[in-house]
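# Survey of secondary and tertiary structure
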Amino acid sequence: MNESPIVELREVHKAYPLGETVVQALKGVDLKINKGDFTAIVGSSGAGKSTLMNLIGCIDEPDAGQILIEGEAASNRSEPEKCILRNEKIGFIFQSFNLIPVLSVYENVELPLLVQKKMTLEERQKAVDEVLKDVDLLKYRDSLPNKLSGGQRQRVAIARALVNKPGLVLADEPTANLDSQTAHTIIDLLLKLNKDKGTTFLFSTHDEKLIGRVNKVLRIQDGRIQG
Ligand code: ADP
């Protein structure tokens, strides 16, 4: 049986006004990401990668076309509905980690669960400790982010992205601020999570180390997917 793709874009267009003109950032993008994919979106600066990631992440709206997340239309929803969709179905990882410096590792990872307001304190503790174990950071649960290395910080960010058990994780240049050895360790971890938990990952990246390990590469140029 054919499951519906976790992400589907149909003829998606997006333009930005720029002074007197308009920049056509996406010019009719069709794509499908299937459950369990480990995919990289690759393209030069200005090609449309961030625009695409923001639309898939329901952070921005397309001008035309359709975006489906797990078979459901993501566009034309109210802001509170989009918040729920983002919180429950999508995890985000950023190149500069985006941890909150005054919160401990535990509290940073707990945040998406507090937003969701569905779990008791005990359930949250169990979920956070479980995911901290998955990224091998349990012993740092009470540390502040500035006591951690770059690789450890990115592992906290990965735990935060996964704590709600989203089907899809969007990762914007997740290895860009890491040295080569640490980048390899992080890629190994992401691949393990992909295999063990079936989480679908979509990366925007220039990093050949990561591009060499994905199972699908989508090339984007001038707002169009190539090939
Ligand atoms: P990439 O992530 O591949 O570098 P982007 O999606 O950021 O590409 O940009 C695609 C095009 O849209 C570029 O020409 C960029 O200048 C333009 N663009 C992106 N965001 C904006 C914005 N907020 N306002 C105006 N133009 C934008």
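Refer to the structure printed above.
Here is a short report on the structure shown in this document. (Residues numbered from 1 in each chain as written. Predicted model: local features only at pLDDT ≥ 70, side-chain atom pairs only at ≥ 80, totals over all residues. Heavy atoms only, no water.)

## Points about the sheet that holds strand β9 (residues 216–221)
Strand-to-strand pairing in sheets goes through backbone hydrogen bonds, with the strands running parallel or antiparallel. Pairing is mixed in the open sheet, where six strands are placed in the order β6-β7-β8-β3-β9-β10. Each edge of the open sheet carries a strand with a single partner, namely β6 (90–93) and β10 (224–225). By the bridge criterion, two bridges tie β9 to β10 in an arrangement that is antiparallel. Considered in β10, the bridge of Gln221 is made with Arg224. (Pairing = 2+ DSSP bridges. Helix = DSSP H or I, 4+ residues; strand = E, 2+ residues; numbered from the N terminus.)

## Observations regarding the pattern of salt bridges
Oppositely charged side chains can pair when the atoms bearing their charge come close. The final tally for this structure, using the stated rule, is 19 salt bridges. For Asp207, the salt bridge is made with Lys209, and the minimal N-O distance between the two is 3.2 Å. Overall, the relative accessible area of 11% leaves Asp207 in the buried class. Each of Glu61, Glu79, Lys82 and Arg86 takes part in one network of salt bridges that share partners. (Salt bridge = Lys/Arg side-chain N within 4 Å of Asp/Glu carboxyl O. Buried < 20%, exposed > 50% of the residue type's maximum accessible area, 1.4 Å probe, protein only.)

## Some points on the site of the ligand
Residues in contact with the ligand, as listed here, are Tyr16, Val23, Ala25, Ser44, Ser45, Gly46, Ala47, Gly48, Lys49, Ser50 and Thr51. At 2.7 Å from an oxygen atom of the ligand is found a main-chain nitrogen or oxygen belonging to Gly46. Here an oxygen atom of the ligand and a backbone polar atom of Ala47 are 3.2 Å apart. Relative to its free-state accessible area of 560 Å², the ligand is covered by the protein chains to the extent of 64%. Contributions of two or more residues to the shell around the ligand are made by β2 (21–33) and α1 (49–56). The element that contributes the greatest number of residues to the shell around the ligand is α1, accounting for three residues. Of the residues in the shell around the ligand, the class split is four nonpolar, six polar and one charged. (Near = heavy atom within 4 Å. Polar contact = N/O pair within 3.5 Å; in protein donor to acceptor, adjacent residues only side chain to side chain. Areas by Shrake-Rupley, 256 points an atom, 1.4 Å probe, with all protein chains shown as cover. Nonpolar A, V, L, I, M, F, W, Y, C, P; charged D, E, K, R; others polar.)

## Observations regarding helix α6 (residues 180–197)
Taking 1.5 Å of rise per residue, the 18 residues of α6 would be expected to cover 26 Å, and the 25 Å separating its terminal C-alpha atoms lies within 8% of that figure. If you check which residues of α6 are buried, you get Ala183, Ile186, Ile187, Leu189, Leu190, Leu191, Leu193 and Asn194. Looking at the packing, one finds that the buried side of α6 touches β3 (38–42), β6, α4 (121–134), α5 (150–162), β8 (200–204) and α7 (208–211). A distance of 3.1 Å separates the backbone nitrogen of Gln181 from a side-chain oxygen at the start of α6, and that oxygen is part of Asp179. Taken from the residues just after α6, Gly198 is the one with a positive phi, measuring 75°. (Expected span 1.5 Å × (residues − 1). Contact = heavy atoms within 4.5 Å.)

## Observations concerning the packing of aromatic side chains
Summed over all chains, the structure comprises four aromatic pairs. For the ring pair Phe38 and Phe201, a centre distance of 5.6 Å and an interplane angle of 70° mean the geometry is edge-to-face. With Phe38 in strand β3 and Phe201 in strand β8, the pair connects residues that are 163 residues apart, well separated along the chain. The same class applies to Phe38 and to Phe201, which are both buried. Centre to centre, the rings of Phe201 and Phe203 are 5.9 Å apart; their planes meet at 5°, and the pair counts as stacked. The exposure class assigned to Phe201 is buried, which follows from its relative accessible area of 0%. Taking relative accessible area as the criterion, Phe203 reaches 0% and is therefore assigned buried. Grouped by ring-pair contacts, the aromatic residues Phe38, Phe201 and Phe203 constitute a single cluster. (Phe/Tyr/Trp six-rings, centres within 6.5 Å; stacked < 30°, edge-to-face > 60°.)

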